[in-house]
Amino acid sequence: MMNRLLYSLLQTGLFVFIAPLFVGIVKMFKCWLQNRSAPSVFQCYRDLRKLFHKQTILAHHASWIFRFAPYLIFSITALIASAIPFIVSPSQTVGFTDVILIAGLFGLSRFFLALAALDIGTSFGGMGASREMTVATLAEPALMIAFFSLAMMASSTRLDIITTYLSTHSLWFNPSMLFVALAFAMIAVAETGRIPVDNPATHLELTMIHEAMILEYSGRHLALIEWAAQIKLLIYTILFANLFLPFPLINQLSLSAIGLNGGIVIIKCLLLAWVLVLAETHLAKLRLFRVPLLLNMAFLLCLLGLLIHVIAEVA
Amino acid sequence: MIFYAILLTPLLGIILFSFIRKARWAVSINLFISTVNFIAMILLLMRWQTTPSFFILHAHEQLYLDALGLIGWTLTTFIGMTTALFSYGYMLQNLQERRITLKRLQLYHLFYQSFIFSLLIAFSANNIGLLWVAIEGATLATVLLVSLYRTPEAIEAAWKYFIICIVGIALALFGTILIYFAAQTSLDPSHAILWNALALHAKTLNPSIMILAFVFLFVGYGTKAGLVPFHFWLPDAYSESPGPVAALLSGLLLNVALYALLRFQILTNLSLQNGLANHLMIVFGLLSFVFASLTLHHQQNIKRMFSYSSIEHVGIMTFAFGLGNAVAILSGLFYLIIHALIKSAIFTTVGNVMHLTHTQKIEKIRGLLKLNPWVGWLLIVALFAIAGAPPFGLFIGEVGVFLATLQTDPYLAIILGLGFLVVFAALLRYMQSMALGNPDKTAYPTPPIAKINLVPAGLHLLIVLILGLYIPSFFMQILKQAASLFIGQ
Amino acid sequence: MNANAIQLLLSALLLLTTFILLIQRRIDSMIYTYAWQSAFLSLATLAASFITPYQWDLFFSALLIFALKVIFIPWFLRYLSHRLSSKNPSDNATSLVARPFLLSMIASALVLFSYNLTHSLRTSTQLFSSNAIAIALSIILLGMLLIITHRKAVSHALGFMVIENGIFFAALILTRGMPMKIELGIAFDVLVAIILFGVFFFHLNTSIDSLDVDSLNRLREGTEL
């Protein structure tokens with residue numbers, strides 16, 4: 001038990017620590033693809049360090065929510081990171097690993113972020129919050145359905161059981177799985193605020209969603225929120241890699257298994273980073289009014305995957 | 001030998017028409033080839049009579065001719081010949097009036113022979129895949145014939161015909177594949193697609209696949225036949241195509257679609273033993289009949305009116321075959337032959353009427369008897385014949401279907417009887433307004449009609465009249481042979 | 001990762017491309033998507049030809065599909081649509097094409113319908129074939145939906161080709177393809193059909209000055225002539 005706890009803690013620590021690195025790699029890939037010279041992959045760490053050293057400026061009207069939110073968001077995100085299968089198979093770690101809870105925690109962190117954005121009372125904050133909530137109301141049900149289809153296949157909502165089930169039954173090429181995977185990718189793009197839903201690189205007032213909400217933050221508060229966002233991107237990437245791509249985690253608690261898992265996960269993540277970069281380079285940002293279409297499609301695909309699974313594969 | 005002679009004559013025509021440029025040569029050769037084809041057919045019929053074989057198998061069992069196919073072949077070659085005779089004068093007239101160009105005339109003949117060739121293949125195909133290919137070929141061959149005049153209306157009609165029919169027929173292909181699939185377990189792959197092998201082993205076919213397959217085949221070939229929910233293309237295509245083409249479509253294309261439907265009905269009935277195919281055919285047949293006979297009443301265009309009459313008749317035939325008892329099948333087959341003859345006679349006559357009056361509008365066609373007594377009388381006779389008036393063959397068919405209905409479903413007989421009356425009333429009304437009365441003298445001058453253009457319709461109606469009064473025993477024997485396919489030997 | 005798994009994946013991709021085709025409005029991207037779909041079909045045929053090694057028929061079919069449907073037909077349609085319409089061709093919005101979500105909802109319903117329909121005719125318990133039959137049927141139905149909702153002649157041609165792809169796929173998975181003679185006959189018919197489509201595009205263009213089939217409204221019940 002102590003061993004498992006140790007592994008869990010170490011794994012979570014590693015996860016939180018390398019999240020900025022992943023974002024750095026994505027940025028580097030993007031630069032390569034667009035024929036620009038890339039910043040160092042560790043640039044994100046430097047940014048975070050810089051922000052932590054800066055003075056935190058608070059608005060006069062800021063209430064406790066505004067001050068409290070960054071810590072809450074960061075800790076919730078880190079909590080989720082500890083709950084998902086990373087390089088140790090989740091059945092070999094301690095932990096609550098229920099998919100509904102994960103979706104709920106994401107909702108909670110989003111709720112506080114939106115609340116904090118509203119707290120100051122600037123127009124951008126309110127606008128960003130309202131946009132974020134619009135996207136979330138559509139993305140969340142789709143995410144739930146995606147999780148449900150997985151749960152349906154494994155007959156459990158626990159992520160550890162789902163992961164074990166997927167590793168023993170190779171379902172990756174089933175139409176139902178393909179649809180859910182595609183929908184999950186679309187949801188992930190929307191949730192992590194990437195192109196075509198949101199653009200993390202600009203502060204264009206007409207289109208920004210996430211950036212509009214955190215406009216009033218500075219110093220360590222901003223650092224925590226940025227870091228949380230980086231962890232969130234890695235969470236979705238890892239979830240996709242471990243749930244929807246072949247070569248699952250090896251369900252053993254040994255150093256060699258963990259090393260192998262780590263290697264495979266790294267390769268998958270790099271692959272997904274390339275796919276993300278390619279998509280972001282090729283696609284244009286959608287108008288805000290077209291975003292619901294994207295998410296509705298994701299929802300529909302999930303539902304289709306789920307029902308196809310029920311009709312054709314449960315027998 | 002004769003078998004191949006009949007099959008290959010149209011192919012020879014296709015090759016010849018790729019070279020012939022002269023108009024008069026082309027029409028004559030078209031007529032000549034069609035006549036040779038029919039003469040060969042008579043020889044085949046004579047041989048059939050002397051050695052009453054049940055069927056002929058050819059070309060590694062890919063081709064197969066039984067009594068049902070024989071009826072199809074006879075109709076195809078005969079109507080092919082008479083329509084060629086009609087189009088001899090008609091096309092030359094069109095060329096003079098510059099409605100078509102020389103190049104389009106060449107196209108017309110090319111597609112005419114391809115159409116006949118496809119039909120002959122379809123009627124003699126043992127391979128159900130080949131049957132599909134042939135019917136699709138017949139569709140593709142007629143598409144450009146429908147739009148021969150290149151008017152916006154003709155192009156629109158042809159487009160509708162094209163898109164609806166190829167989509168419909170694609171569904172039939174899916175059905176065909178399903179049947180092939182159903183037979184995979186019990187037959188070896190080379191035989192699983194042959195109709196005679198399938199019919200022989202029908203009981204071993206997977207029933208749930210057969211149900212699905214028949215539904216697709218029914219929708220597919222039903223579209224081609226013009227059954228009611230899928231009939232939208234039919235009035236447009238018939239009304240916009242040139243006279244001979246309309247005669248071919250109504251006389252032959254409709255039959256081949258119905259023929260394909262019948263083949264699969266037989267197969268499904270043998271396999272399922274629960275009459276699902278029959279129920280489908282009864283429902284949609286009756287629906288087509290009722291819908292078309294009511295629609296018949298408010299038509300303004302003479303060709304559209306007759307195309308609705310085609311839908312109505314195909315409805316009756318489908319209904320009759322759906323009833324499934326011996327009387328119904330026999331009358332259905334008889335009906336099919338008579339209807340093909342009358343309907344092609346009608347469309348050639350309508351071609352003549354349009355030549356006389358320069359219009360398709362019924363209210364502008366007045367006093368045909370005074371304009372040209374020959375054409376007028378032909379139209380009157382044809383209208384009586386198609387309405388099912390007593391001395392003509394269709395009357396026997398209608399009575400047969402009616403009696404068969406009384407035998408099985410007396411309530412449906414009420415609908416059927418009322419429908420017959422409604423149709424009769426409508427046709428009588430149109431006949432009165434078009435044939436009788438005084439012609440509109442202020443309209444165009446009436447051109448003379450060459451007598452030869454009247455011969456095909458006259459010939460058809462004469463045969464219909466004779467068959468109404470006396471049925472030769474050889475003819476009856478073939479009908480019975482064909483009907484025995486349905487009942488099971 | 002065996003051949004069946006590859007075919008299963010390809011069948012899912014076929015369905016997916018049909019969905020994409022359905023909700024697109026630009027003719028060019030529709031044609032590209034169609035080419036992709038045909039490429040997947042060709043790959044699926046190739047995979048099937050490796051499952052049953054002695055069948056050279058399927059290998060030949062795969063090549064035929066590649067030549068005809070991946071290269072010739074998309075090129076031909078693109079050439080025609082560019083030649084015949086001056087602007088960047090896109091399907092104008094009818095009520096349904098303008099609402100892709102509603103359209104895809106109907107499409108999903110059709111997919112489920114075909115899954116339900118084919119559920120009963122599973123002869124083998126094999127996951128692959130039961131899925132693939134349903135997908136083949138859904139592609140056929142979605143092709144019909146495409147024809148019903150889109151208003152351009154080119155998209156109608158594409159709809160027909162999609163139906164054709166669906167049928168070919170059905171033949172492939174149900175019976176390992178039709179006999180070669182029939183296969184060739186069907187291919188010939190498809191070729192003729194697509195050329196006829198081309199002829200029609202020219203005719204429509206000269207007679208109604210566009211490829212918009214909504215302008216085809218001269219023939220109605222009781223029209224004056």
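Residues numbered from 1 in each chain as written. Chains lettered and ligands numbered in written order. Predicted model: local features only at pLDDT ≥ 70, side-chain atom pairs only at ≥ 80, totals over all residues. Heavy atoms only, no water.

K.L.:
Just give me the short version of the confidence of the model for chain C, but keep the residues and values in it.
P.N.:
Model confidence for chain C is summarised by a mean pLDDT of 82, while 85% of its residues fall at 70 or above. If you check the scores for this complex, the pTM reads 0.88 and the ipTM reads 0.91. (pLDDT = per-residue confidence, 0-100.)

K.L.:
Give me the layout of surface pockets: which residues, what numbers.
P.N.:
Residue and element names in this part refer to chain A. Looking at the second largest pocket, its volume works out to about 1100 Å³. As for the second largest pocket, its lining consists of 44 residues, of which P200, H210, E211, E226 and A229 are closest to the centre. Of all the elements, helix α9 (residues 219–244) adds the most residues to the lining of the second largest pocket, at 8 residues. Per-class residue counts for the lining of the second largest pocket are 24 nonpolar, 7 polar and 13 charged. (1 Å grid on protein atoms, 1.4 Å probe; cavity = no way out; pocket = protein on both sides within 12 Å on 5 of 7 lines; lining within 4 Å. Points joined across faces, edges and corners; volume = space filled by probe spheres on them. Helix = DSSP H or I, 4+ residues; strand = E, 2+ residues; numbered from the N terminus. Nonpolar A, V, L, I, M, F, W, Y, C, P; charged D, E, K, R; others polar.)

K.L.:
Explain the side chain of E211 of chain A to me, and be specific about the residues and the numbers.
P.N.:
All names here are of chain A. When you line up the elements, E211 lands in helix α8 (residues 210–213). Although buried, E211 forms no salt bridge, and the nearest oppositely charged side chain, R194, lies 8.8 Å from it. If we ignore the near neighbours within four places in the chain, the residues touching E211 are N199, P200, T202, H203 and E226. (Buried < 20%, exposed > 50% of the residue type's maximum accessible area, 1.4 Å probe, protein only. Lys, Arg positive; Asp, Glu negative; His and termini not counted. Salt bridge = Lys/Arg side-chain N within 4 Å of Asp/Glu carboxyl O. Contact = heavy atoms within 4.5 Å.)

K.L.:
Just give me the short version of the nonpolar core, but keep the residues and values in it.
P.N.:
Counting 389 residues, the largest nonpolar core has W159 and Y221 of chain B together with F201 of chain C as its most contacted members. The biggest single contributor to this core is helix α6 (residues 152–182) of chain B, with 22 residues. Those residues in contact with Y221 of chain B that sit more than four places away from it in its chain are L131, W132, I135, I169, A172, T176, A257, A260, L261 and F264 of chain B. (Core = buried A, V, L, I, M, F, W, Y, C linked by side-chain atoms within 4.5 Å.)

K.L.:
Residues and numbers for the packing of aromatic side chains, please.
P.N.:
Under the definition given, this model contains 47 aromatic pairs over all chains. An angle of 15 degrees between the planes, with centres 4.9 Å apart, marks the rings of F29 of chain A and W274 of chain A as stacked. Within this pair, whereas F29 of chain A is found in helix α1 (residues 2–33), its partner W274 of chain A is found in helix α10 (residues 255–282), the two being separated by 245 residues in sequence. With a relative accessible area of 7%, F29 of chain A lands in the buried category. Under the relative-accessibility criterion, W274 of chain A is labelled partly exposed at 32%. On the numbers, 5.3 Å between centres and 20 degrees between planes, the contact of F106 of chain A with Y236 of chain A is stacked. Residue F106 of chain A is located in helix α4 (residues 99–120), and its partner Y236 of chain A is located in helix α9; the two are separated by 130 residues in the primary sequence. Exposure remark for F106 of chain A: the relative accessible area of 3% places this residue in the buried category. Aromatic ring contacts, followed pair by pair, group F106, F147, F184, Y236, F240 and F244 of chain A into a single cluster. We note R99 of chain B situated over the ring of Y149 of chain B; from NZ or CZ to the ring centre the distance is 4.1 Å. Directly above the ring of Y430 of chain B sits R429 of chain B, whose terminal nitrogen or CZ lies 5.1 Å from the centroid. (Phe/Tyr/Trp six-rings, centres within 6.5 Å; stacked < 30°, edge-to-face > 60°. Lys NZ or Arg CZ within 6 Å of the ring centre and 35° of its normal.)

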